[in-house]
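Fold and contact review
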Amino acid sequence: MLDDILNTIKRCKDKILFLPKSDIEYSVPFKYMYGDIIVLIDDSVTDYMSIVDEINKSAIKEIYIVNFPNIYRKMLPGLNKDIIKKELLLINAANLTCKYILPVFYDVCEFYDRHLIDEIHVLDKGLYDAMKHANYSVERLNLKFEYDENKMNLDNKNSNSIGILSIDYDPVHNFYNMLSSIRLVNDYDKVKLISHMNATIDFFNHFDIRHELCENLDQVIKDNYVNLYCNFTNTNPCIVIKSMDMGIPCILGNTDMFDNNKFLKDKLVLKSDDDVGEIADKINAIKKNYDKIFLVYRKWRKKFK
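Residues numbered from 1 in each chain as written. Predicted model: local features only at pLDDT ≥ 70, side-chain atom pairs only at ≥ 80, totals over all residues. Heavy atoms only, no water.

Here's the deal with the sheet that holds strand 9 (residues 211-213)
The strands that make up a sheet are held in pairs by hydrogen bonds between backbone atoms, and each pair lies either parallel or antiparallel. Just so we agree on the cut-off: Any two strands between which DSSP finds at least two bridges are classified as paired. Secondary structure elements follow DSSP: runs of H or I of four or more residues count as helices, runs of E of two or more count as strands, with numbering from the N terminus. The angle between two axes is taken between their N-to-C directions and runs from 0 to 180 degrees, where each axis is a line fitted to C-alpha atoms and a helix contributes only its stretch in contact.
Read from one edge to the other, the open sheet built from five strands follows the order 9-8-7-10-11, with strand pairing classed as parallel. The outermost strands of the open sheet, each flanked by one partner alone, are strand 9 and strand 11 (250-252). Across the sheet, the mean angle separating the axes of adjacent strands is 25 degrees when strand polarity is ignored. As judged from the three bridges shared by strand 10 (residues 226-229) and strand 11, these two strands associate in the parallel manner. By the bridge assignment, Y229 is partnered in strand 11 with L252.

So this is what it looks like as structure tokens:
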């Protein structure tokens, strides 16, 4: 990994973006927005001084850092002072209750206060408003996605499989309520998902749910007539856009993504995240509303281009 990082630094002209491997789904909009300057990184990289030295002797004038893995704490103090460091903060306000997420937020605030981060760009509107109210100098991060509506496959409405895009071990991903709702669906062939927990397998067997286990998100997300991503929080907009751009409606939990479109919010966003009956009702209504959903979505989608 270190050689790949150093080679990318040498290739970049004036800016570079460091993206934690755990946030790799965000590489799609970032590549579209910033070009081919993305470096995947995680805390397994131990020779951080080689990275710092290579940046300092390069022509790079701006560094974008995404979220805050521990390696940033080691790298940032050694970078030349004239290099502009911009933090792209992807976490949301609701997820600050998580003991693993809150320290990330504290690290960003600390390094900004120490003038080791020059700008903070926040994805979540709630967190942006809160930081603005606390007199932090923050900007709103608006993601942009490449879009070709000719690649949208509207034949997916003829499928009879359902995808669950959430993670079964994430307590804010509402996974088992989504799985429970499948038992109330009028007609389906199978539900596709990734299983990390033994409890998920037990759930299938106990409730006799027809399923297909997949190895990665790309396998889960494709060829369904609807995908479920009904999280309490921690919703990745890249996954939502990916599903919808493929012509697969994505039913969502707590998100403001469709707040500016009454029809899409009504058909795709739950009023009560943990209401199993409401999830099933929205699944059962998808095929009836499928054509109208994508007629409206195509117009809405242009704001992300």
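From this point, things continue past the structure.
Regarding the state of the cysteines
Simply put, the disulfide is a covalent bond whose two ends are the sulfur atoms of two cysteines. This is how it is decided: Disulfide assignment relies on a single distance test, namely cysteine sulfur atoms paired within 2.5 Å. The buried label goes to any residue with under 20% of its type's maximum accessible area, the exposed label to any with over 50%, and the partly exposed label to all in between, with areas taken from a 1.4 Å probe on protein chains only.
According to the stated counting rule, one finds zero disulfides in the structure shown. Just so you know, C214 is unpaired, no disulfide at all, and the nearest cysteine sulfur is the one on C250, 15 Å from it. With a relative accessible area of 8%, C214 lands in the buried category. Summary of cysteine pairing: C238 is not part of a disulfide, and the nearest cysteine sulfur, belonging to C250, is at 12 Å. Classification of C238 as buried rests on a relative accessible area of 4%.

What to know about the layout of surface pockets
Definition in use: Throughout, the protein atoms alone are placed on a 1 Å grid, and a set of points is a cavity if a 1.4 Å probe fits but cannot get out or a pocket if it is open with protein on both sides within 12 Å along at least five of seven lines; lining residues have an atom within 4 Å of a point. Grid points are joined across faces, edges and corners, and a volume is the space filled by probe spheres set on the points. Under the scheme applied here, ten amino acids are nonpolar (Ala, Val, Leu, Ile, Met, Phe, Trp, Tyr, Cys and Pro), four are charged (Asp, Glu, Lys and Arg), and all others, including Gly, are polar.
Each pocket or cavity is described by its volume, and for the largest pocket that value is around 1,300 Å³. The wall of the largest pocket is formed by 42 residues, among which S22, D23, I167, Y169 and N234 lie closest to the centre. Classifying every residue of the lining of the largest pocket gives 23 nonpolar, twelve polar and seven charged. As for the second largest pocket, its lining consists of 25 residues, of which L123, R140, T255, D256 and M257 are closest to the centre.

A look at unusual backbone geometry
A positive phi is found at H115, a non-glycine position, where the angle reads about 65 degrees. With a relative accessible area of 67%, H115 lands in the exposed category. The phi angle at D208 is positive, at roughly 55 degrees, despite the residue not being glycine. Take D208: it is sitting in the loop between helix 8 (198-207) and strand 9. Assessed through its relative accessible area of 57%, D208 is described here as exposed.

Considering the pattern of salt bridges
Heads up, the condition is: Each salt bridge in this description consists of a side-chain nitrogen of Lys or Arg and a carboxyl oxygen of Asp or Glu lying within 4 Å of one another.
According to the stated counting rule, one finds 18 salt bridges in the structure shown. In this structure, K21 and D42 form a salt bridge, with 4.0 Å as the shortest nitrogen-oxygen distance. Highlighted residues: K21 in the loop between strand 1 (15-20) and helix 2 (27-34) and D42 in the loop between strand 2 (38-41) and helix 3 (48-56), separated in sequence by 21 residues. A relative accessible area of 42% places K21 in the partly exposed class. In this structure D42 comes out as partly exposed when scored by relative accessible area, which is 21%. The shortest N-O distance in the salt bridge between K157 and D291 comes to 3.0 Å.

What about the packing of aromatic side chains?
Where we set the bar: Under the pairing criterion, centres of Phe, Tyr and Trp rings, with the six-membered ring standing for Trp, must be within 6.5 Å; the plane angle then separates stacked pairs below 30 degrees from edge-to-face pairs above 60, leaving the rest tilted. Criterion for a charge above a ring: Arg CZ or Lys NZ at most 6 Å from the ring centre, at most 35 degrees from the ring normal.
Here the structure, examined in full by the defined rule, presents 14 aromatic pairs. Aromatic pair F68 and Y72: ring centres 5.5 Å apart, planes at 90 degrees, arrangement edge-to-face. Assigned by exposure class, F68 and Y72 land together as buried. Among the aromatic residues, those joined into a ring-pair cluster are F258, Y290, F294, Y297 and W300. The ring of Y188 has R210 lying over it, and the distance from NZ or CZ to the ring centre is 4.3 Å. Looking at K292, its charged tip hangs above the ring of F263, at a distance of 4.4 Å from the centre.

Quick word on the nonpolar core
Using the following cut-off: Only buried Ala, Val, Leu, Ile, Met, Phe, Trp, Tyr and Cys residues count toward a nonpolar core, and they belong to the same one when joined by side-chain atoms within 4.5 Å. By the convention used here, residues are in contact when the closest approach between their heavy atoms is within 4.5 Å.
Core analysis: the largest hydrophobic core is formed by 105 residues, its most contacted members being F18, F30, I51, M131, L228 and I283. With nine residues, the top contributor of residues to this core is helix 12 (residues 276-301). The residues touching M131, leaving out its near neighbours within four places in the chain, are L89, F105, C109, I120, V122, Y136 and V138.

Comments concerning the packing of helix 10 (residues 237-245) against helix 12
The condition is simple: What sets the label is the angle itself: under 35 degrees gives roughly parallel, over 145 gives roughly antiparallel, 65 to 115 gives roughly perpendicular, and the rest give oblique. Handedness of each helix crossing follows the sense of rotation of the near helix against the far helix: counterclockwise by less than a right angle gives left-handed, clockwise gives right-handed.
Running from N to C, helix 10 and helix 12 cross one another at 125 degrees; their axes reach a closest spacing of 11 Å. Here helix 10 is positioned oblique relative to helix 12, judged by the angle of their axes. As helix 10 runs across helix 12, the sense of the crossing is left-handed. On helix 12, the residues touching I241, M244 and D245 of helix 10 are I293, F294, Y297, W300 and R301. Counted by class, the contact of helix 10 with helix 12 contains six nonpolar, no polar and two charged residues.

Worth remembering: the numbers are spatial, not functional.
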